[in-house]
Amino acid sequence: MYSVRRWASRHARFFEAVYNGFEAVLTSLHPLFRRIGYARMDKPVAAVEKLVKGFLFDTKMCGSCTLGATGMVCPMNCPKSMRNGPCGGVRSNGHCEIKPEMPCVWVDAFAGSRLMRDGDRIQGIQAMVDHRLQGSSSWLREVRRKKGVPEIGDAAG
Amino acid sequence: MTMLDNPAAGHFLPLEPGHSSPGRIEKLLRAGEFTVTAELSPPDSSDPEEVFEKARIFDGSVDAMNATDGSGANCHMSSVAVCAILRRANYSAIMQVSCRDRNRIAIQGDVLGAAAIGVASILCLTGDGVQAGDHPQAKPVFDLESITLLAMLRKMRDESRFQSGRKITHPPRVFLGAAANPFRPPLDFRPIRLAKKIEAGAQFIQTQYCFDVERLKQFMARVCDMGLHKKAFILVGVGPLASARAAEWIRQHVPGVHIPDSIIKRLAGSANQKQEGKKICIEMIQQVREIEGVSGVHVMAYRQEELVAEIIQESRVLGGRTPWYPGIDEP
C-alpha cells in the first residue's frame with residue numbers, strides 16, 4: 001500500500017524534471033487548446049491527468065495542484081487536507097494520527113522536497129482550496145494562468 | 001505596577017499604537033512580562049455556573065484561559081459560548097478555533113461574534129481527527145487548516161474583509177495565535193512550519209505539552225536562529241502528570257503528546273506519583289523559562305486544575321505579580 005506514491009516521492013528530483021518538461025510541452029500547445037476551447041478540453045484532459053497522476057502520486061484532483069511545491073506528494077491524501085505542513089498529531093514513528101498504517105504525507109513530502117532543485121518552494125504558503133475546482137484539470141489551469149486566459153474561480157488556479 | 005503592565009482583563013481598554021487587540025495577553029507579552037495561560041476544559045453541561053467554577057480555580061494564578069474547541073474531538077460546550085460566559089465576569093479568554101467541525105462561513109461568523117463580546121485573542125488550530133473522540137462517526141470538515149485559518153482571520157482584521165472580499169464594517173480586533181508541536185516528526189520541518197504560521201499571521205504561539213527539555217532546546221535554538229522569537233511570543237505547554245499509568249495512557253491515546261520513558265520511569269519509581277508529577281511540572285516551568293525566546297507558559301492540567309495555583313506559586317515565574325481576576329481590587 002502507498003508503495004507507488006512513496007516511490008515517486010523518493011524520486012522527486014526526477015519527477016520534478018519530467019514535470020517541468022511536460023509543462024513546457026503543454027504550454028506550447030496553447031494555440032491548439034484555444035482553438036478547440038479550454039472548456040471543451042477540460043474533461044478529456046482531466047481524465048488523462050487523473051489516470052497518470054492518480055497512478056503515480058495517488059492525487060485527489062483538487063484542481064489546485066501543489067505537487068511541485070510539496071515534494072511531489074499530493075497533500076490531499078492527508079486526512080485533514082493539510083496543505084501547509086504536518087499537523088501536531090504525527091506519531092513518533094512518522095505515521096498518521098488518523099490512519100496509523102499510513103506514513104504521514106508530510107513526512108514524505110518534506111523528504112521529497114529535500115531532493116528537489118526547487119525544494120524550498122515547500123516554505124511558501126498555499127492558499128485555501130477552492131472546492132469548485134474539484135475534478136478539473138490543473139494542467140490546463142496552469143497553461144491558462146501562464147497565457148493569461150481567465151476562467152471562473154481563477155483566483156485559486 | 002501600572003495598569004498597562006497588569007491590566008484588568010475585561011475592560012475594553014483603548015487600542016494602543018502598534019497593538020492588534022485591546023486584550024490583556026497582548027499587553028502583557030508586549031510589556032515583556034512572563035505570561036501564564038491555562039486551559040479551561042468546557043463543561044458537558046448547559047449551566048454557566050460550571051464555567052465560573054472552573055474559572056475561579058485559576059483566580060490569581062493565570063493571565064488568561066483558553067476555551068478549548070471540542071478538544072480531542074469530544075463534544076463539550078462550544079468555545080465561543082464559554083468565552084461569552086467568561087466575559088460576563090470580565091475574565092480574559094483565548095478562544096480556540098478548530099477547523100474540524102466548521103467551514104469558512106461558520107468560522108468567520110463566530111469570530112465576528114466573539115470579537116463583539118470582547119474576545120481579544122484567538123488560537124487557530126487544525127484540530128484533532130474525529131477518530132480520537134466520542135463521535136468517530138462524524139463527518140470531518142477540514143475546509144481550512146491552521147495556516148489558511150490564520151490568513152483568513154488576519155484578512156478580516158487588517159483589511160476589514162471576509163474571505164470572499166465582502167466588506168466588514170467593524171473589523172475584529174484580535175490577537176492571533178497558533179500551536180506548535182516541536183516534539184513530533186518531521187523534526188527538521190517543525191521550525192519551518194512555525195515560520196509559515198507566523199508569516200500567515202500568528203502573533204503568539206502555544207506549544208504542545210513539553211516533557212522533553214532537550215528537544216525543546218534544539219527547536220528553540222533553530223527558532224532563534226531564524227529570528228522567529230522576535231516575530232511571535234512563544235508560550236511553552238506544560239502540565240502535571242497524575243501517575244505513570246496516566247502518562248502511559250496519554251502517550252497511547254492523546255494525539256501528538258511526546259512523553260520520554262525517563263519521565264514515566266521517574267513517576268513509576270515515586271512513592272507519591274501525583275506529587276512527583278507536580279514536581280516535574282514545576283521543574284519543567286523553571287527550565288523552560290531560562291530558554292531564549294520563551295515568553296511564558298501554557299498550563300494544561302486536565303482534571304488536575306486544582307494544582308495549577310500551587311504549581312505557579314512554587315515555580316515563582318510570576319515574580320510577585322498577581323494576575324487580574326474578578327474581585328482582586330476588593331478589600
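Treat the numbers as computed from the prediction; the structure is a model and nothing was measured.

Chemist: Just checking my understanding: could you explain the overall build of chain A for this structure?
Modeler: A tally of helices and strands in chain A yields six helices and zero strands. What you see for chain A is a C-alpha radius of gyration of 16 Å, in line with the 15 Å of a compact globule of 157 residues. Each principal axis of the C-alpha atoms in chain A carries an extent, and together these give about 55 × 30 × 30 Å. Each of the 157 residues in chain A was classed as buried or not, and the buried ones make up 50%. In chain A, once contacts between residues fewer than 6 apart in sequence are set aside, the share between residues at least 24 apart is 61%. When the accessible area of chain A is evaluated, it comes to approximately 7800 Å², of which 59% is carbon and sulfur surface.

Chemist: In this structure, what is going on with helix α6 (residues 138–147) of chain A? I would like to understand it.
Modeler: Turn by turn, an α-helix covers 3.6 residues, leaving residues three or four places apart pointing in a common direction. All names here are of chain A. Ser138, Trp139, Leu140, Arg141, Val143 and Arg144 are the residues of α6 that are buried. Where α6 is buried, its residues touch α2 (12–28), α3 (30–36) and α4 (38–57). The backbone nitrogen of tryptophan 139 lies 3.3 Å from a side-chain oxygen of the residue at the head of α6, namely serine 137. In the segment just after α6, glycine 148 is the residue with positive phi, at about 70°.

Chemist: For this particular structure, what's the right way to read the nonpolar core?
Modeler: Most often, soluble globular proteins keep nonpolar side chains buried together rather than apart. Core analysis: the biggest nonpolar cluster contains 88 residues, and B:Leu86, B:Ile122, B:Leu149, B:Leu153, B:Leu194, B:Ile259 and B:Val299 have the highest contact counts within it. Non-local contacts of B:Val299, meaning those with residues more than four positions away in its chain, are made with B:Val36, B:Thr37, B:Ala38, B:Glu39, B:Val238, B:Val308 and B:Ile312. In this structure, A:Phe33, A:Leu56, A:Leu67 and A:Met72 belong to the second largest nonpolar core, which totals 21 residues.

Chemist: Please clarify how the packing of helix α1 (residues 3–10) of chain A against helix α5 (residues 105–115) of chain A should be interpreted in this entry.
Modeler: To describe two helices that pack against each other, one gives the angle between their axes and the distance between the axes. Residues and elements named next belong to chain A. Interaxial distance between α1 and α5 falls to 8 Å at its minimum, and their mutual angle equals 30°. Classed by the angle they form, the pair α1 and α5 counts as roughly parallel. From α1, Arg5, Arg6, Ser9 and Arg10 reach across to α5, where they touch Val105, Asp108, Gly112 and Leu115. For the contact of α1 with α5, the residue count by class is two nonpolar, two polar and four charged.

Chemist: Can you help me understand the pairing of strand β7 (residues 233–238) of chain B in this one?
Modeler: For a regular strand, side chains alternate in direction, first toward one face of the sheet and then toward the other. Residues and elements named next belong to chain B. Burial runs high along β7: six of the six residues are buried. Burial along β7 is two-sided: Phe233, Leu235 and Gly237 facing one way and Ile234, Val236 and Val238 facing the other are all buried. Relative to β7, strand β6 (residues 204–209) runs parallel, the two being bridged by four bridges. When the bridges of β7 are listed, glutamine 206 appears paired with leucine 235.

Chemist: Can you walk me through the sheet that holds strand β8 (residues 294–299) of chain B in this structure?
Modeler: Strand-to-strand pairing in sheets goes through backbone hydrogen bonds, with the strands running parallel or antiparallel. All names here are of chain B. Reading around the barrel, the eight strands line up as β1-β2-β3-β4-β5-β6-β7-β8 and close back on themselves, with parallel pairing between neighbours. Strand-to-strand twist across the sheet, computed as the mean angle between neighbouring axes with direction ignored, equals 30°. By the bridge criterion, five bridges tie strand β3 (residues 93–98) to strand β4 (residues 121–125) in an arrangement that is parallel. Pairing of serine 98 across the sheet is with leucine 125, part of β4.

Chemist: Can you walk me through the interface of chain B and chain A in this structure?
Modeler: Many descriptions give the size of an interface as the accessible area lost when the pieces come together. Across the boundary between the two partners, chain B contributes 28 residues, which contact 29 residues of chain A. Between chain B and chain A, a total of about 2400 Å² is buried, with carbon and sulfur atoms accounting for 61% of that surface. Looking only at chain B, the three residues that lose the most surface to chain A are B:Glu145, B:Phe189 and B:Lys196, adding up to 23% of its buried area. Across the contact surface, chain B and chain A share zero salt bridges. Going through the elements one at a time, α5 (146–159) and α6 (190–200) of chain B are the ones with two or more residues in the side of chain B that touches chain A. If you tally residues by element for the side of chain B that touches chain A, the top one is α6(B), at six residues.

Chemist: Which parts of the structure should I look at to understand the side chain of B:His19?
Modeler: Residue and element names in this part refer to chain B. Within the secondary structure layout, histidine 19 lies in the segment before α1 (24–30). For histidine 19, a relative accessible area of 16% puts it in the buried group. Those residues within four positions of histidine 19 in sequence are excluded, and the remaining contacts are Glu26, Lys27 and Arg30.

Parameters and conventions
- Residues numbered from 1 in each chain as written.
- Chains lettered and ligands numbered in written order.
- Predicted model: local features only at pLDDT ≥ 70, side-chain atom pairs only at ≥ 80, totals over all residues.
- Heavy atoms only, no water.
- Helix = DSSP H or I, 4+ residues; strand = E, 2+ residues; numbered from the N terminus.
- Rg over C-alpha atoms; globule rule 2.2 N^0.38 Å.
- Buried < 20%, exposed > 50% of the residue type's maximum accessible area, 1.4 Å probe, protein only.
- Contact = heavy atoms within 4.5 Å.
- Areas by Shrake-Rupley, 256 points an atom, 1.4 Å probe, with all protein chains shown as cover.
- Polar contact = N/O pair within 3.5 Å; in protein donor to acceptor, adjacent residues only side chain to side chain.
- Core = buried A, V, L, I, M, F, W, Y, C linked by side-chain atoms within 4.5 Å.
- Axes fitted to C-alpha atoms, helices over the stretch in contact; angles between N-to-C directions.
- Parallel < 35°, antiparallel > 145°, perpendicular 65-115°, else oblique.
- Nonpolar A, V, L, I, M, F, W, Y, C, P; charged D, E, K, R; others polar.
- Pairing = 2+ DSSP bridges.
- Buried area = accessible area lost by both parts, 1.4 Å probe.
- Salt bridge = Lys/Arg side-chain N within 4 Å of Asp/Glu carboxyl O.

Function cannot be read off these values alone, since they describe shape.
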